[in-house]
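Summary of structural features
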Amino acid sequence: MAFLNLIRYKNLIIISLMQVFIKYGFFEALHIPLALTDLQFALLVVATVFIAAAGNIINDCFDIPIDLINKPSKVIIGKRISETTANRLYFTLTILGVGIGFYLANVVGKPTFASLFVIIAALLYFYSSTLKGVFLIGNILVSVLVALSVLIVGIFDVLPVLNPNDKVLQLKAMQVVFHYATFAFLLNLIREIVKDIQDINGDKNGGLQTIPIVIGRTRATYIIFGLAAFTICCVVLYMYTYLYSTQAMVIYFLFLVMAPLLYFCVKSFSAERPKDYAFLSLLLKGILCTGMISMLLYKHVVL
């Protein structure tokens, strides 16, 4: 159980399900040509999970002094798993994830795609070692990597088999995936700032320059409210542009995406204690899940 908590297994399950929804709930529902077999797609999910898990491990390795202040009861490395073992796990999972990525890139006939896994693994290391404490840069980087976990399904499954007969539908499908990746980016960016507010005491002692440390907790709260309001506007525009004629999608977005986002905006101003911000972080994770699940309804939408 210590290992599962170390790799943030719940987050990894969410990433896996997002990719499954894209492949089977969206791409296959559109009946467009795809590059990956079921087994190869499973390997893509495994590679993504391995690299993400490795990123979580190395992040905890660098964050031990900070976590002892922010969440001492949840510290695993040094208490339940030795630092040496954690580092070995990090290197093993990274090598396996990148290795599978090289295999898949060659299978789909796009060897250069393998560089994506190398770049992602490298960025996760540099985030944990250096960029996490850099004002705003760390937040943006992690959010970009979350968005990439959505886009990578289309990159490996659709782009290698673009053809003149299906190109229009294939590119429209990729456009939808890009929209969802943008949604994931925005929600995760907000969540990263919320977590920074929650962890402000330990981060300050660790010498990090996070948004709430640099500009203060109150101004950071205004930023998360503004980003959430901007996300709501984007969702409204998306609904008006693409979903207005599909009642089921409109109702779904109104009640399971818009309403929770509005609730988040309200609760963000009353949050004061770490547990309040922990709730906001969990709420954003739930909104991300409901947002991605909506992809299963796209078979009712004419692209």
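Attention in this report is confined to the structure presented alongside it. (Residues numbered from 1 in each chain as written. Predicted model: local features only at pLDDT ≥ 70, side-chain atom pairs only at ≥ 80, totals over all residues. Heavy atoms only, no water.)

Remarks on the nonpolar core
- One finds Phe26, Phe27, Phe156, Tyr180, Phe253, Phe264 and Tyr298 to be the most contacted residues of the largest nonpolar core, which totals 98 residues.
- When residues of this core are assigned to their parent elements, the largest contribution, 13 residues, is made by helix H8 (residues 167-198).
- The contact partners of Tyr180, leaving out residues within four places of it in the chain, are Tyr238, Met249, Phe253, Gly291, Met292, Ser294, Met295 and Tyr298. (Core = buried A, V, L, I, M, F, W, Y, C linked by side-chain atoms within 4.5 Å. Buried < 20%, exposed > 50% of the residue type's maximum accessible area, 1.4 Å probe, protein only. Helix = DSSP H or I, 4+ residues; strand = E, 2+ residues; numbered from the N terminus. Contact = heavy atoms within 4.5 Å.)

Re the packing of aromatic side chains
- Applying the stated criterion to the full structure yields 15 aromatic pairs.
- Plain terms: the ring middles of Tyr238 and Tyr242 are 4.9 Å apart, the flat faces sit at 40° to each other, and that makes the pair tilted. Here Tyr238 and its partner Tyr242 are both found in helix H11 (residues 217-243), four residues apart, which amounts to about one turn of the helix.
- For Tyr242, a relative accessible area of 35% gives the class partly exposed.
- Measuring from centroid to centroid gives 6.3 Å for Tyr263 and Phe279, while their planes differ by 90°, and the two rings are edge-to-face. Of the two residues, Tyr263 is situated in helix H12 (residues 247-270) and Phe279 in helix H13 (residues 274-293); the sequence distance between them amounts to 16 residues.
- Exposure remark for Phe279: the relative accessible area of 37% places this residue in the partly exposed category. (Phe/Tyr/Trp six-rings, centres within 6.5 Å; stacked < 30°, edge-to-face > 60°.)

Describing the packing of helix H7 (residues 137-157) against H8
- Packing of H7 against H8 leaves a shortest axis separation of 8 Å and a crossing angle of 155°. In terms of their interaxial angle, H7 and H8 are classed as roughly antiparallel. The handedness of the crossing between H7 and H8 is right-handed. Side by side, H7 and H8 meet where Asn139, Ile140, Val142, Ser143, Val144, Val146, Ala147, Val150, Leu151, Gly154 and Ile155 of the first sit next to Met174, Val177, Phe178, Ala181, Ala184, Phe185, Asn188, Leu189, Glu192, Ile193 and Asp196 of the second.
- Broken down by class, the residue content of the contact of H7 with H8 amounts to 16 nonpolar, four polar and two charged. (Axes fitted to C-alpha atoms, helices over the stretch in contact; angles between N-to-C directions. Parallel < 35°, antiparallel > 145°, perpendicular 65-115°, else oblique. Left-handed = near helix turned anticlockwise from the far one by under 90°. Nonpolar A, V, L, I, M, F, W, Y, C, P; charged D, E, K, R; others polar.)

Points about a nonpolar patch on the surface
- On the surface, a nonpolar cluster with roughly 380 Å² of combined accessible area is contributed by Ile251, Leu254, Phe255 and Leu256.
- Relative to the assigned elements, Leu256 resides in helix H12.
- Accessibility expressed as a relative area gives 38% for Leu256, which makes it partly exposed. (Patch = residues over 30% accessible without salt bridge, like charges linked within 9 Å, V, L, I, M, F, W, Y side chains within 5 Å. Areas by Shrake-Rupley, 256 points an atom, 1.4 Å probe, with all protein chains shown as cover. Salt bridge = Lys/Arg side-chain N within 4 Å of Asp/Glu carboxyl O.)

The values reported here are purely geometric and, on their own, carry no functional implication.
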